[in-house]
Amino acid sequence: MAGLVALALGIVVGHLADRYGARGVYAVTLLVQAAATAAFVLVDGFGTFVAVVCAAAGAKAAGLAARSPLIRVHGATGRRSSVPTCAP
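Rules behind the numbers
Residues numbered from 1 in each chain as written. Predicted model: local features only at pLDDT ≥ 70, side-chain atom pairs only at ≥ 80, totals over all residues. Heavy atoms only, no water. Core = buried A, V, L, I, M, F, W, Y, C linked by side-chain atoms within 4.5 Å. Buried < 20%, exposed > 50% of the residue type's maximum accessible area, 1.4 Å probe, protein only. Helix = DSSP H or I, 4+ residues; strand = E, 2+ residues; numbered from the N terminus. Contact = heavy atoms within 4.5 Å. Axes fitted to C-alpha atoms, helices over the stretch in contact; angles between N-to-C directions. Parallel < 35°, antiparallel > 145°, perpendicular 65-115°, else oblique. Nonpolar A, V, L, I, M, F, W, Y, C, P; charged D, E, K, R; others polar. pLDDT = per-residue confidence, 0-100. Expected span 1.5 Å × (residues − 1). Left-handed = near helix turned anticlockwise from the far one by under 90°. Arc of directions from axis to C-beta.

## Considerations on the nonpolar core
V13, A17, A22, V25, A62, A66 and L70 form the largest nonpolar core, which has seven residues in total. Of all the secondary-structure elements, those providing two or more residues to this core are α1 (2-20), α2 (22-39) and α3 (46-75). The dominant element in this core, judged by the number of residues it contributes, is α3, at three residues. Apart from the residues lying within four places of it in its own chain, the contact partners of V25 are V13, L16, A17 and A66.

## Considering the packing of α1 against α2
Packing of α1 against α2 leaves a shortest axis separation of 7 Å and a crossing angle of 140 degrees. When the axis of α1 is compared with that of α2, the two are oblique. Between α1 and α2, the residues in contact are V13, L16, A17 and Y20 and A22, V25 and T29, respectively. Its residues assigned to classes, the contact of α1 with α2 comprises six nonpolar, one polar and no charged.

## What about the confidence of the model for the protein chain?
Across the protein chain, pLDDT averages 81, with 85% of residues at or above 70. For the protein chain, the element scoring lowest by mean pLDDT is α1, at 82; α2 scores highest, at 90.

## Comments concerning α3
In this model α3 runs 42 Å from its N-terminal to its C-terminal C-alpha over 30 residues, within 8% of the 44 Å that 1.5 Å per residue would give. Among all positions of α3, only V52, C54, A56, G58, A59, A61, A62, G63, A65, A66, P69 and L70 are buried. Each element contacted by the buried residues of α3 is listed here: α1 and α2.

## Side note on the packing of α1 against α3
Where α1 meets α3, the closest approach of the two axes is 7 Å, and the angle between their N-to-C directions is 30 degrees. In terms of their interaxial angle, α1 and α3 are classed as roughly parallel. Remark: the crossing between α1 and α3 carries right-handed chirality. For the pair formed by α1 and α3, the contact residues are A2, V5, A6, L9, G10, V13, G14, A17 and D18 on the first element and V53, C54, A57, G58, A61, A62, A65, A66, P69 and R72 on the second. Broken down by class, the residue content of the contact of α1 with α3 amounts to 14 nonpolar, three polar and two charged.

## So, α1
Helix length check: α1 (19 residues) gives 26 Å between terminal C-alpha atoms against 27 Å at 1.5 Å per residue, within 8%. Within the sequence span of α1, burial applies to A2, A6, G10, V13, G14 and A17. Viewed along the axis of α1, the buried residues span an arc of 115 degrees, placing them on a single side of the element. Across α1 from its buried face, at more than 90 degrees, point the exposed residues L4, L7, H15 and R19. Buried residues along α1 sit against α2 and α3.

Laid out in structure tokens, this is it:
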């Protein structure tokens with residue numbers, strides 16, 4: 001169940017990061033991850049556990065999707081790696 005939530009959120013948040021800016025979206029996903037991780041302390045039943053795991057897994061996948069545009073923007077310096085490639 002948490003995997004399906006994570007898959008869906010990753011796709012949606014990736015589009016949000018492209019549209020509204022990756023930095024703010026990534027910051028929100030980090031806050032949600034922190035809150036979900038802290039919420040594990042409050043788990044007292046199976047239903048609560050499933051909800052918290054879904055939130056934590058979804059926030060993790062969303063964070064990875066929001067981080068990718070940041071890496072693309074800040075990693076594109078125009079320099080090529082000095083490591084040779086196998087392609088001709």
